[in-house]
Amino acid sequence: MRRLVILGGGTAGTMVANKLRRRLDREQWQVTVVDQNDVHAYQPGFLFVPFGTYQPAQILKSRRKQLSRAVDLVLGEVDRVDPAANTVTLTDGRRLAYDYLVIATGTSPRPDQTPGMLGPQWRKSIFDFYTLDGAAALAAALRDFDGGRFVVHIVDMPIKCPVAPLEFAFLAEAYFRHRGIRDRVELVYATPLPGAFTKPIASAELGAMLDERKIAVEADFMVERIDPDTKTLVSYDEREIPFDLLVTVPLNMGADWVARSGLGDELNYVPVDRHTLLAKGHDNVFALGDASNIPTSKAGSVAHFSVEVFVDNFLAHIDGKPMTGSFDGHTNCFVESGDGQGLLIDFNYDTEPLPGMYPLPGAGPFPLLRESRFNHWGKLAFRWLYWHMLLPGRPVPLPAHMSMAGKHQPATEPDKE
Amino acid sequence: MSVTSIGATAVHVDAEGFLTEYDEWDENLAVQLAAQIGIELTDAHWKPIRFLRTDYIEQGETATLRRVSAQAGIPIKELFSLFPGKPAKKMAYIAGLPKPRGCV
């Protein structure tokens, strides 16, 4: 019996387990997923919890039930992997041997990494929304907020779903407007990036949307610490941003066991070949989803498109054949912009988000890099697609590789910064 | 991509003036690149610049600020005082490397 062990039963781990279970002989292969608990959260739903659009129970399901019955689920916490011995040790002492290992333990917000964040103001005036607890606590704080300085903040890149803080700012602006208190709220968007987003054309478009909404951007802001007494963000170059309510995206890091196992970079991400996702220096270890160091968004769409390429590669690799599939960094994100509108961006390692239509040139129906109701509906419909198509590993009629069809390259690029 | 002259040397640069050819860089050129953005290189500046050059060969990409700090053992605060405002970008410029990816 050959053994495939998948660490992490989130978006990437679940998809890989279900897809490979179907393709690997049951007599010859055992497929095991390890996760800490039996709760699978639909993470894109966290964004809507603070505004009361979703209740927490609506976005949680059993992990077990998302996995094929022929996949073993082991509940436990990884202590470390010994890649020389091909074993995984859990914190309770259990040991799992593997022939092939897939690391899909993702990335997590780490408020402990910024001095002052987890102080007396945590979940009083300082909130995150990338955890369900945080998003639910923020819902209550937003209801009670009746004016003042409201700061949306990113500690450092890379982060999971890098458009989410922008979406949160847009949705918060609409929320305050609908409550009739917009004129009493000063909105600030503090980012370590030089502008609203990383890529120039999208950054210009999204930056203009922040301007229209009178959301002030504090760019190139690298926070050093938070002073909980004065309720102030302080940067390394000693700029200060005071807040009444802070919604921060803490530093994102891969799992600590990755570091303990000597498999990670300075943020605990696993260095991999960006086209095959094979861990550097190892021939039987892959990292999928947010857990790797590939230069893309840490996003479910990347997990999805890369898994499509990975599955065929893996089947070739275990037969000793070369991996011929090459992941191109394809990313696809709906961006909620408030008032029932949204944008869509579609890009890869080499091509930045461009205007146009997706997936069909001309017909769309989703306009790229432009606000539209279609994109808002697309985002909402995606929840169904996630549970019923993506996780079970059913074919989704979207090509894994990015296509230039339907995209327009503007004649003159805006200033790169 | 275009060719420009830094002092007496012709080098290939991108639209923002970052060198595109690793081997066209030398420490003499770094001094002039630094001067162009108003920085006079001291020993404290050279430590992260040299780390960036070596790390790029090993990793194939420009180290982020956090990586420079962690791997070269220089506090981020010090990097901000050595290369004010945009340290990651300024260090890459002087080291003749591509601008560090924004990690979309």
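Residues numbered from 1 in each chain as written. Chains lettered and ligands numbered in written order. Predicted model: local features only at pLDDT ≥ 70, side-chain atom pairs only at ≥ 80, totals over all residues.

Draft legend 1. Quick look at the overall build of chain A. Within chain A, the secondary structure is distributed over 8 helices and 24 strands. A globule of 417 residues ought to have a C-alpha radius of gyration of about 22 Å, and chain A, at 21 Å, matches this closely. Along the first, second and third principal axes, the C-alpha set of chain A runs to 65 × 50 × 40 Å. Across the 417 residues that make up chain A, the buried fraction comes to 48%. Taking the contacts inside chain A whose residues are at least 6 apart along the sequence as the reference set, 66% of them involve residues at least 24 apart. (Helix = DSSP H or I, 4+ residues; strand = E, 2+ residues; numbered from the N terminus. Rg over C-alpha atoms; globule rule 2.2 N^0.38 Å. Buried ≥ 20, exposed ≤ 12 C-beta atoms within 10 Å, placed from the backbone. Contact = placed C-beta atoms within 7 Å.)

Draft legend 2. How the structure looks around the interface of chain B and chain A. The interface of chain B with chain A comprises 16 residues on the first partner and 17 residues on the second. Examining the composition of the side of chain B that touches chain A, we find that 4 residues originate from one element, helix α3 (residues 65-72) of chain B, more than from any other. Taken together, the residues of the side of chain B that touches chain A sort by class into 7 nonpolar, 3 polar and 6 charged. (Nonpolar A, V, L, I, M, F, W, Y, C, P; charged D, E, K, R; others polar.)

Draft legend 3. Molecular detail of the sheet that holds strand β6 (residues 78-82) of chain A. Residues and elements named next belong to chain A. The strand order β6-β7-β8 describes an open sheet built from 3 strands, whose pairing is antiparallel. Looking at which strands have only one partner, the edges of the open sheet turn out to be β6 and β8 (95-97). Between one strand axis and the next, the sheet turns through 20° on average, direction left out of account. Summarising the sheet, strand β7 (residues 87-90) and β8 pair through 3 bridges and their orientation is antiparallel. Paired with Val 88 across the strands is Leu 96, a residue of β8. (Pairing = 2+ DSSP bridges. Axes fitted to C-alpha atoms, helices over the stretch in contact; angles between N-to-C directions.)

Draft legend 4. Local environment of the sheet that holds strand β11 (residues 126-127) of chain A. All names here are of chain A. Read from one edge to the other, the open sheet built from 5 strands follows the order β11-β18-β12-β13-β14, with strand pairing classed as parallel. The two strands at the open ends of the sheet, each matched to only one other strand, are β11 and β14 (215-218). Sheet analysis places strand β12 (residues 148-154) next to strand β18 (residues 245-249), joined by 5 bridges and oriented parallel. Bridge pairing links Ile 154 to Val 249 in β18. Seen against the sheet, helix α4 (residues 164-178) touches β12, β13 (185-190), β14 and β18 and runs at an angle of roughly 160° to β12.

Draft legend 5. Representation of the packing of helix α1 (residues 11-23) of chain A against helix α7 (residues 300-318) of chain A in the model. Residues and elements named next belong to chain A. Interhelical geometry of α1 versus α7 gives an angle of 30° and a closest axis separation of 10 Å. Between α1 and α7, the interaxial angle falls into the category roughly parallel. Between α1 and α7 the crossing geometry is right-handed. Contacts between α1 and α7 involve Thr 11, Ala 12, Met 15, Val 16, Lys 19, Leu 20 and Arg 23 on the former and, on the latter, Gly 300, Ala 303, His 304, Val 307, Phe 310, Val 311, Phe 314 and Leu 315. Here the contact of α1 with α7 is composed, by residue class, of 10 nonpolar, 3 polar and 2 charged. (Parallel < 35°, antiparallel > 145°, perpendicular 65-115°, else oblique. Left-handed = near helix turned anticlockwise from the far one by under 90°.)

Draft legend 6. View of the domain arrangement of chain A. Residue and element names in this part refer to chain A. Taken domain by domain, chain A consists of domain 1 (2-108 + 253-318) and domain 2 (110-252). Here domain 1 and domain 2 have C-alpha centroids that lie 30 Å from each other. Taken together, the contact between domain 1 and domain 2 spans 15 residues of the former and 21 residues of the latter. Among the residues making up the side of domain 1 that touches domain 2, the classes are represented as 9 nonpolar, 4 polar and 2 charged. (Domains from an automatic or database assignment.)

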